Amino acid sequence: MSNNGTLAVLLSSPSGGGKSTIIRHILKTFPEFWHSVSCTTRAPRYNEVNGREYHFVTVSEFERMVQADELAEFAEVHGDWYGTPLLPLRKAQGEGKKIIFDLDVDGAAKMKQRWQSILTIYIMPPSREELERRLRKRQSESEDVIQKRLKRYDREQQEANKYDYRIINDSLECAIEEVLMYIRVWSKVTDFTQEV
Ligand code: ADP
Ligand code: 5GP
């Protein structure tokens, strides 16, 4: 896959770290950005729409996509499968969109290997306690799902130093501004014509 000069930015964080919120703001303000909508086998949250937050698929459909090589990467996170569909990604590249990914630490490592010019940013919550507070305030998961997500926190934090940049999402406004600043810097110093 050639990136045809396309800028791509990949955000990771522990669950509740603020990726979706930051991405939502960027998409609202900058129409040239395109968010890669992933496939997942997890159940939709009450406020999620199929095709908007995720393509919600069955395990057998996900397995079929893996077999057919339709995913750029995939990983198991918190007991469910998540993957990046290749076809819409290639289309967005062809249209010269700036692409935003929201991937877990395993998926991020695979994407960076496949596509070295991707800018990777790790979003950190100000503290574990604040993360827990935000996860509960989101009111989208049951207590045992929240616990499952918090369990992965330490491992994910350890992976943070593998990213190009790290941002603390304390003030949302500042975090968004920092993401945009790193994108501007990356655009200046990176060769986007490499083959992947
Ligand atoms: P993720 O997509 O990483 O799982 P979300 O974007 O859903 O995380 O954020 C988790 C919760 O924290 C949401 O309810 C969101 O509104 C809230 N949130 C995100 N950033 C901040 C911030 N800087 N300050 C306070 N609350 C925040
Ligand atoms: P959530 O269920 O909270 O939406 O997402 C759980 C985790 O899966 C998050 O860390 C999110 O970044 C990650 N994720 C979402 N889509 C993908 C994907 O396509 N591939 C991978 N590897 N991880 C994903």
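Relevant structure appears above.
Calculation criteria
- Residues numbered from 1 in each chain as written.
- Chains lettered and ligands numbered in written order.
- Predicted model: local features only at pLDDT ≥ 70, side-chain atom pairs only at ≥ 80, totals over all residues.
- Heavy atoms only, no water.
- Phe/Tyr/Trp six-rings, centres within 6.5 Å; stacked < 30°, edge-to-face > 60°.
- Helix = DSSP H or I, 4+ residues; strand = E, 2+ residues; numbered from the N terminus.
- Buried < 20%, exposed > 50% of the residue type's maximum accessible area, 1.4 Å probe, protein only.
- Near = heavy atom within 4 Å.
- Polar contact = N/O pair within 3.5 Å; in protein donor to acceptor, adjacent residues only side chain to side chain.
- Areas by Shrake-Rupley, 256 points an atom, 1.4 Å probe, with all protein chains shown as cover.
- 1 Å grid on protein atoms, 1.4 Å probe; cavity = no way out; pocket = protein on both sides within 12 Å on 5 of 7 lines; lining within 4 Å.
- Sits in = over half its atoms within 2 Å of the grid points.
- Pairing = 2+ DSSP bridges.
- Axes fitted to C-alpha atoms, helices over the stretch in contact; angles between N-to-C directions.
- Contact = heavy atoms within 4.5 Å.

I'm lost on the packing of aromatic side chains in this one. Help?
The description of two aromatic rings rests on the distance between their centres and on the angle between their planes. Applying the stated criterion across every chain, the model contains 10 aromatic pairs. Their ring planes at 65 degrees and their centres at 5.2 Å tell us that Tyr-122 and Tyr-163 sit as a pair that is edge-to-face. Of this pair, Tyr-122 sits in strand β8 (residues 119-124) while Tyr-163 sits in the loop between α7 (153-159) and β9 (165-168); the two residues are 41 residues apart in sequence, bridging distant segments of the chain. Taken individually, Tyr-122 and Tyr-163 each receive the classification buried, so the pair is uniform in this respect. Cluster of aromatic residues (ring-pair linked, three or more members): Tyr-54, Phe-56 and Tyr-82.

Would you mind showing me how to read the site of ligand 1 here?
Of all residues adjacent to ligand 1, which total 15 residues, the nearest are Gly-16, Ser-20, Thr-21, Arg-138 and Asn-169. A distance of 3.3 Å separates an oxygen atom of ligand 1 from a polar backbone atom of Gly-17. Interatomic distance of 2.9 Å between a side-chain N/O atom of Lys-19 and an oxygen atom of ligand 1. Within the complex, 77% of the 560 Å² of free accessible area of ligand 1 lies under protein. Put simply, ligand 1 lies in the largest pocket. Elements represented by at least two residues in the shell around ligand 1 include exactly α1 (19-29) and α5 (128-138). Considering every element that reaches the shell around ligand 1, the biggest residue donor is α1, with 3 residues.

Mind showing me how you'd approach unusual backbone geometry here?
Backbone geometry follows two general trends: most residues other than glycine have a negative phi, and most peptide bonds adopt the trans configuration. You will see that Asp-69, though not glycine, has its phi angle at about 60 degrees, which is positive. The topology assignment puts Asp-69 in the loop between α2 (59-67) and β5 (71-77).

Would you explain the sheet that holds strand β2 (residues 33-35) in this entry?
Neighbouring strands of a sheet are bound in pairs by backbone hydrogen bonds; such pairs are parallel or else antiparallel. Across the sheet, which stays open at both edges, the 5 strands sit in the order β2-β7-β1-β8-β9 with parallel pairing between neighbours. The open sheet is flanked by β2 and β9, the only strands paired with a single partner. Geometrically, the sheet is characterised by an average inter-axis angle of 25 degrees between neighbouring strands, direction not taken into account. With 4 bridges joining them, β8 and β9 adopt parallel strand pairing. Looking across to β9, one finds that Ile-121 is bridged to Tyr-165. Sheet contacts for helix α4 (residues 105-114): β1 (8-12), β7 (98-102) and β8; angle to β1, the most-contacted strand, approximately 155 degrees. On the sheet, helix α8 (residues 172-189) packs against β1, β2, β8 and β9 and is oriented at approximately 165 degrees with respect to β9.

Sorry if this is basic, but what is going on with the sheet that holds strand β3 (residues 38-40) here?
Ordered by their spatial adjacency, 4 strands build an open sheet running β4-β3-β6-β5, and the pairing between neighbours is mixed. The open sheet has two edge strands, β4 (54-56) and β5, and neither has a second partner. Each neighbouring strand pair of the sheet contributes to a mean axis angle of 25 degrees, computed without reference to strand direction. Where β3 lies against β4, 3 bridges are found, and the strand directions are parallel. In the sheet register, Ser-38 faces β4, and the bridge partner there is Tyr-54.

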